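# Working through the structure, step by step
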Amino acid sequence: MLTVDHVSLTYPDGQDVLTVLKDVTFEVPSGLTAVVGPSGTGKSTLLRVIAGLQIADQGTVCVGEYCIDSSKHDAGTAQSIYVPQDFQLVPFLSAAENLQLAAEMRGRNVNDPEILLKIVGLQGLAKRVPEELSGGQQQRLALARALTVQARVLLPDEPTGSLDSETSQGIAALLREIAHSDQRCVIVATHDSALVDVADSVLSIQSGKVQKIR
């Protein structure tokens, strides 16, 4: 289970202070959770704080019994992993090499990349570089890369934002399958109704506050 406890985050905004997260508290069990809200309301920031990529002003994020708080910058752990919207694949490396690099950066090894590629529906494409893959395939590769570190919490940021409707539905189904087959906690920032429809729970973020709406 993921627990976010009284997390707040502000940015300086000229002479004022912009509150992005305001005393955010919620719990999410394993399964697929969609985080919705208008653009610029802090969905991506929330995911980055959960991943340990951004330090909150106060509050605690716990994955099971492992916790990080505002005093720790802990992105090197394998408890949770952020999947950026722009994929950030290495363009001159093959699909298999992208997976191996991600694993090595976390002190792991991928014995058989084809196993992970099959999980995300990319079997037979291990030798292709990103430009030889469609947008949907690149998104699937980004998810496979995240799976290399065996994180308990997966945090895709707008994973269907640049995809067509049919491809988006495929990614939504894949994320739900990943969440349920491995008992992972998958939290997705999204505007996509295809993801919201298949999510087990839905959180809404607005004016720095998070509310569970389903």
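Anything mentioned here points back to the structure above.
What you see is a predicted model, and the numbers here were worked out from it, not measured in a lab.

## Thoughts on the pattern of salt bridges
Note that side chains of opposite charge can pair when their charged atoms are close. For the structure shown, the criterion picks out two salt bridges. Taking the shortest distance from any N to any O, the salt bridge between R176 and D200 comes out at 3.0 Å. Remark: D200 occurs in the loop between α6 (193–198) and β9 (201–206) and R176 occurs in helix α5 (residues 165–181); sequence separation between them is 24 residues. For D200, a relative accessible area of 35% puts it in the partly exposed group. Close ionic contact of D182 with R184 constitutes a salt bridge, the shortest N to O distance being 3.4 Å.

## Section: the pairing of strand β1 (residues 2–13)
For β1 and strand β2 (residues 16–28), the ladder comprises nine bridges, and the chain directions are antiparallel. If you follow V7 over to β2, its bridge partner there is V24. Counting the residues that bridge the hairpin from β1 to β2 gives two residues, and of these G14 lies at a positive phi of roughly 65°. In the sheet, β1 pairs with strand β4 (residues 58–63) via five bridges, with the strands oriented antiparallel. In the strand pairing of β4, D5 is matched with T60.

## What about the sheet that holds strand β6 (residues 80–83)?
Taken in spatial order, the six strands make up an open sheet running β6-β7-β8-β3-β9-β10, and their pairing is mixed. The strands lining the two open edges of the sheet, one partner per strand, are β6 and β10 (209–212). The average angle at which neighbouring strand axes cross in this sheet is 20°, direction not considered. Here strand β7 (residues 153–156) pairs with strand β8 (residues 185–189) via two bridges, running parallel. What sits directly across from L154, in β8, is V186. Helix α1 (residues 43–51) rests against β3 (31–36), β6, β7, β8, β9 and β10 of the sheet, and its axis sits at about 150° to β6. Docked against the sheet, α5 engages β3, β7 and β8, running at close to 130° with respect to β3.

## Notes on the packing of helix α2 (residues 95–105) against helix α4 (residues 135–147)
Where α2 contacts α4, the axes come no closer than 8 Å and their chain directions differ by 35°. In the crossing of α2 with α4, the sense of the turn from one axis to the other is right-handed. The segment α2 lies against α4, with A95, N98, L99 and A102 engaging L141, A144 and R145. For the contact of α2 with α4, the residue count by class is five nonpolar, one polar and one charged.

## Examining the pairing of β9
Of all the six residues making up β9, five are buried; the element is thus mostly covered by neighbouring parts of the structure. In this sheet, β9 lies alongside β3 in parallel orientation, the contact comprising four bridges. Across the sheet, residue T33 finds its bridge partner in β9, namely S201. Sheet analysis places β9 next to β10, joined by four bridges and oriented antiparallel. Residue pairing in the sheet places L203 in a bridge with K212 of β10. As consecutive antiparallel partners, β9 and β10 are separated by two residues, and within that stretch S207 has a phi angle of approximately 55°, a positive value.

## A closer look at the nonpolar core
Among the nonpolar cores identified, the biggest contains 41 residues, and L32, L117, L141, L154, L175 and V186 are the most heavily contacted of them. At the level of elements, β3, β6, α2, α3 (113–119), α4, α5, β8 and α6 are the ones that each hand at least two residues to this core. In contact with L117, not counting residues within four places along its chain, are A95, L99, L122, Q123, A126 and L141. Listed in part, the 28 residues of the second largest apolar core include V7, L9, A51 and L155.

Cut-offs used in this document
- Residues numbered from 1 in each chain as written.
- Predicted model: local features only at pLDDT ≥ 70, side-chain atom pairs only at ≥ 80, totals over all residues.
- Heavy atoms only, no water.
- Salt bridge = Lys/Arg side-chain N within 4 Å of Asp/Glu carboxyl O.
- Helix = DSSP H or I, 4+ residues; strand = E, 2+ residues; numbered from the N terminus.
- Buried < 20%, exposed > 50% of the residue type's maximum accessible area, 1.4 Å probe, protein only.
- Pairing = 2+ DSSP bridges.
- Axes fitted to C-alpha atoms, helices over the stretch in contact; angles between N-to-C directions.
- Contact = heavy atoms within 4.5 Å.
- Left-handed = near helix turned anticlockwise from the far one by under 90°.
- Nonpolar A, V, L, I, M, F, W, Y, C, P; charged D, E, K, R; others polar.
- Core = buried A, V, L, I, M, F, W, Y, C linked by side-chain atoms within 4.5 Å.

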